[in-house]
Amino acid sequence: MIRVLVVEDDPVAAAAHEMYVGRVPGFEVTAVAHSRAEAVRALDRAPVDLLLLDLYLPDGHGLHLLRSLRAAGHGADVIAVTSARDLAVVREGVSLGVVQYVLKPFTYPTLRDRLVRYAEFRAAAGEASGQEEVDRALGALRVAEPAALPKGLSGPTLEAVTRVLRASPDGVTAAAAGEELGMSRITARRYLEHLVTVGCAVRRPSYGQVGRPELHYRWVAGSR
């Protein structure tokens, strides 16, 4: 089993990350830390193979934590889970052992893909027979081209709808989502239905009103 330490200051997000990792065969979460200090204590208690690391922590930047861990001799690999888009930060992270970046918000399949690729990379062992085998081992970490969205849907709009949905723990209707985002109810519903299709949301009818029940969409807790 690949032992994982989840480092995330948001308790809800941390629980979702822990659930995600637990759903991928071959991985187990050994501890969850909500701060840099908690992460250090967790690593002192038990070694891990992989950190799922948020870069914005309440007591310091995630890369500062990683730099101090390297200085102390900790060799665990890192998948950064963050909203940081600064490519200078990405380059610095690579130099410190960040093997993958997952930008928030994301869905379970995105993280699962990164974890599976990381497991393939770790599985490579022994002496390479030549350049091709080295390239193949390193290629396991490369991300495949993203699957195309259904015709008429755009990535930025899907991210916006996803943010609205995640911010509504009691669920949201297509009309409410459309009003918040300045789009029609029909357009918002297409994006919400797509999230249902890929397993990131569920729909349920609301019978509290007279007439035809209205559909409410809710983000699936384990689909961050």
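Before reading further, recall that the structure is shown in the block above.
Residues numbered from 1 in each chain as written. Predicted model: local features only at pLDDT ≥ 70, side-chain atom pairs only at ≥ 80, totals over all residues. Heavy atoms only, no water.

Peer 1: Describe the overall build of the chain, with residues and values.
Peer 2: Per the secondary structure count, the chain includes nine helices and nine strands. Relative to its 224 residues, the chain shows a buried fraction of 40%. Residue pairs in contact within the chain that sit at least 24 positions apart in sequence constitute 62% of those at least 6 positions apart. Counting every atom, the chain has about 11,900 Å² of accessible surface; 54% of that belongs to carbon and sulfur. (Helix = DSSP H or I, 4+ residues; strand = E, 2+ residues; numbered from the N terminus. Buried < 20%, exposed > 50% of the residue type's maximum accessible area, 1.4 Å probe, protein only. Contact = heavy atoms within 4.5 Å. Areas by Shrake-Rupley, 256 points an atom, 1.4 Å probe, with all protein chains shown as cover.)

Peer 1: Lay out the sheet that holds strand β1 (residues 2-7) in plain terms, naming residues and giving numbers.
Peer 2: Strand order in the open sheet formed by five strands is β2-β1-β3-β6-β7, and the pairing between neighbours is parallel. Every other strand in the sheet has two partners, leaving β2 (27-33) and β7 (98-103) as the edge strands with one partner each. Adjacent strand axes in the sheet meet at a mean angle of 20° when their direction is disregarded. In the packing of helix α1 (residues 11-22) onto the sheet, the strands contacted are β1, β2, β3 (50-53) and β6 (77-82), and the crossing angle to β2 comes to about 165°. (Pairing = 2+ DSSP bridges. Axes fitted to C-alpha atoms, helices over the stretch in contact; angles between N-to-C directions.)

Peer 1: If you had to explain the pairing of β2 to someone new, which residues and values would you point to?
Peer 2: Relative to β2, β1 runs parallel, the two sharing six bridges. Bridging from a neighbouring strand, valine 6 pairs with valine 32 of β2. With α1 bridging β1 and the parallel β2, this β-α-β connection has right-handed handedness. (Right-handed = clockwise from strand over helix to strand, strands pointing away.)

Peer 1: Give me the nonpolar core: which residues, what numbers.
Peer 2: In this structure, Leu5, Val7, Leu51 and Leu53 are the most contacted members of the largest nonpolar core, which totals 23 residues. The set of elements that each furnish at least two residues to this core consists of β1, β2, α2 (36-45), β3, α3 (62-71), β6 and β7. Looking at this core element by element, the count peaks at four residues for α3. Sequence-distant contacts of leucine 51, that is, excluding residues within four places in its chain, are made with Leu5, Leu43, Leu69, Ala76, Asp77, Val78 and Ile79. (Core = buried A, V, L, I, M, F, W, Y, C linked by side-chain atoms within 4.5 Å.)

Peer 1: Tell me about the pattern of salt bridges, and please be specific about residues and values.
Peer 2: Scanning the entire structure with this criterion turns up seven salt bridges. Residue arginine 122 is joined to aspartate 49 by a salt bridge in which the shortest nitrogen-to-oxygen separation is 3.9 Å. Residue arginine 122 is located in helix α5 (residues 108-123), and its partner aspartate 49 is located in the loop between α2 and β3; the two are separated by 73 residues in the primary sequence. Look at arginine 122 and you get partly exposed, because its relative accessible area is 38%. The buried category is assigned to aspartate 49, whose relative accessible area is 12%. The salt bridge involving arginine 203 is made with glutamate 193; its shortest N-O contact spans 2.4 Å. Residue arginine 203 is located in strand β8 (residues 201-206), and its partner glutamate 193 is located in helix α9 (residues 185-197); the two are separated by 10 residues in the primary sequence. What emerges from the salt-bridge pattern is a single network uniting Arg3, Asp49 and Arg122. (Salt bridge = Lys/Arg side-chain N within 4 Å of Asp/Glu carboxyl O.)

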